Amino acid sequence: MTHIRAFAVRDTESVIDLWQETGLTRSWNNPHLDIRRKLSVQPELFLVAEDGGDIVGSVMAGYDGHRGWIYYLASSPQRRGEGIARDLLAHVEELLLEMGCPKVQLMVRPGNEDVLGLYDKLGYERFSTTTTGKRLIAD
């Protein structure tokens with residue numbers, strides 16, 4: 001049975017393996033640094049799904065006082081269709097709501113459009129924006 005809990009440092013390598021298996025890592029984002037940084041800011045919004053000691057899902061979120069953002073939502077490809085991602089999203093949404101977060105957003109990279117059906121079913125609405133970014137620290 002899958003159990004959702006806060007991320008623990010001992011989960012680091014298993015979570016990174018999951019992110020790599022699901023195609024969430026990018027060469028410009030060092031996953032070890034991403035985890036270290038998250039643990040210094042709202043670590044309670046970094047969750048894992050565990051089953052029998054195995055990490056089978058993850059989600060990372062943040063709230064800036066205006067809106068929440070969701071990152072690194074992943075579920076083990078061998079466990080797809082079991083509701084792991086849905087349960088992780090529901091859990092982190094509840095945590096954000098408890099913080100007073102009125103709206104949550106997430107980004108889907110090109111090539112990962114298969115997940116859009118899940119987000120549609122869970123009440124996420126698609127909208128067109130242009131996202132820009134600037135790296136402040138080079139990893």
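What comes next concerns the included structure. (Residues numbered from 1 in each chain as written. Predicted model: local features only at pLDDT ≥ 70, side-chain atom pairs only at ≥ 80, totals over all residues. Heavy atoms only, no water.)

With that settled, consider the overall build of the protein. In terms of regular secondary structure, the protein is built from four helices and five strands. The C-alpha atoms of the protein give a radius of gyration of 15 Å, which matches the 14 Å a tight globule of 139 residues would have. On the principal axes, the C-alpha backbone points of the protein span a range of 40 × 35 × 35 Å. Among the 139 residues that make up the protein, the fraction classed as buried is 40%. As presented, the protein carries roughly 8600 Å² of accessible surface, and 51% of it is formed by carbon and sulfur atoms. Of the charged side chains in the protein, 16 are positive and 20 negative; the average position of the first set lies 6 Å away from that of the second. (Helix = DSSP H or I, 4+ residues; strand = E, 2+ residues; numbered from the N terminus. Rg over C-alpha atoms; globule rule 2.2 N^0.38 Å. Buried < 20%, exposed > 50% of the residue type's maximum accessible area, 1.4 Å probe, protein only. Areas by Shrake-Rupley, 256 points an atom, 1.4 Å probe, with all protein chains shown as cover. Lys, Arg positive; Asp, Glu negative; His and termini not counted. Charge placed at Lys NZ, Arg CZ, Asp CG, Glu CD.)

The subject of this paragraph is the sheet that holds strand β1 (residues 3–6). Taken in spatial order, the five strands of this open sheet run β1-β2-β3-β4-β5, and their pairing is mixed. Across the chains shown, the open sheet's two edge strands, defined by having one partner strand only, are β1 and β5 (104–106). Going across the sheet, the axis of each strand differs from the next one's by a mean of 30°, ignoring polarity. Where strand β3 (residues 54–63) meets strand β4 (residues 68–75), six bridges bridge the pair, whose relative direction is antiparallel. Across the sheet, the residue bridging to Tyr63 is Gly68, located in β4. Each of β2 (46–51), β3 and β4 touches helix α2 (residues 31–40); the most contacted strand, β3, lies at about 55° to it. Strands β1, β2, β3, β4 and β5 of the sheet are contacted by helix α3 (residues 84–98), whose axis makes an angle of about 30° with β3. (Pairing = 2+ DSSP bridges. Axes fitted to C-alpha atoms, helices over the stretch in contact; angles between N-to-C directions. Contact = heavy atoms within 4.5 Å.)

A few words on the pattern of salt bridges. Across all of its chains, the model carries six salt bridges by this definition. Among the ionic pairs, Asp11 bridges to Arg5, the shortest N-O distance being 2.8 Å. For the pair Asp11 and Arg5, one class covers both residues: buried. For Arg79, the salt bridge identified is with Glu82, shortest N-O distance 2.8 Å. Exposure remark for Glu82: the relative accessible area of 42% places this residue in the partly exposed category. Here the salt bridges do not stand alone but share partners, grouping Arg5, Asp11 and Glu50 into one network. (Salt bridge = Lys/Arg side-chain N within 4 Å of Asp/Glu carboxyl O.)

Turning next to the environment of Leu136. By secondary structure assignment, the location of Leu136 is in the segment after α4 (116–121). Taking the C-alpha atoms as reference, Leu136 lies 22 Å from Val108; in sequence the two are 28 residues apart.

Judged by nonpolar contacts, the single largest core of 21 residues is most densely connected at Val59, Ile70, Leu73, Leu88, Val92 and Tyr119. Elements with a minimum of two residues in this core: β2, β3, β4, α3 and α4. It is α3 that contributes the most residues to this core, six residues altogether. Once residues lying within four places of it in the same chain are set aside, the contact partners of Leu73 are Leu24, Ser58, Val59, Ala85, Leu88, Leu89 and Tyr119. Of all hydrophobic cores here, the second largest spans 13 residues; its members include Val15, Ile16, Val48 and Tyr72. (Core = buried A, V, L, I, M, F, W, Y, C linked by side-chain atoms within 4.5 Å.)

Moving on, we come to unusual backbone geometry. Of note, the phi angle at Gln42 is positive, near 50°, even though the residue is not glycine. Mapped onto the elements, Gln42 comes out in the loop between α2 and β2. Its relative accessible area of 18% is what places Gln42 among the buried residues. Of note in the backbone geometry, Tyr72 takes a positive phi value of approximately 50° without being a glycine. Structurally, Tyr72 is set in strand β4. A relative accessible area of 14% places Tyr72 in the buried class.

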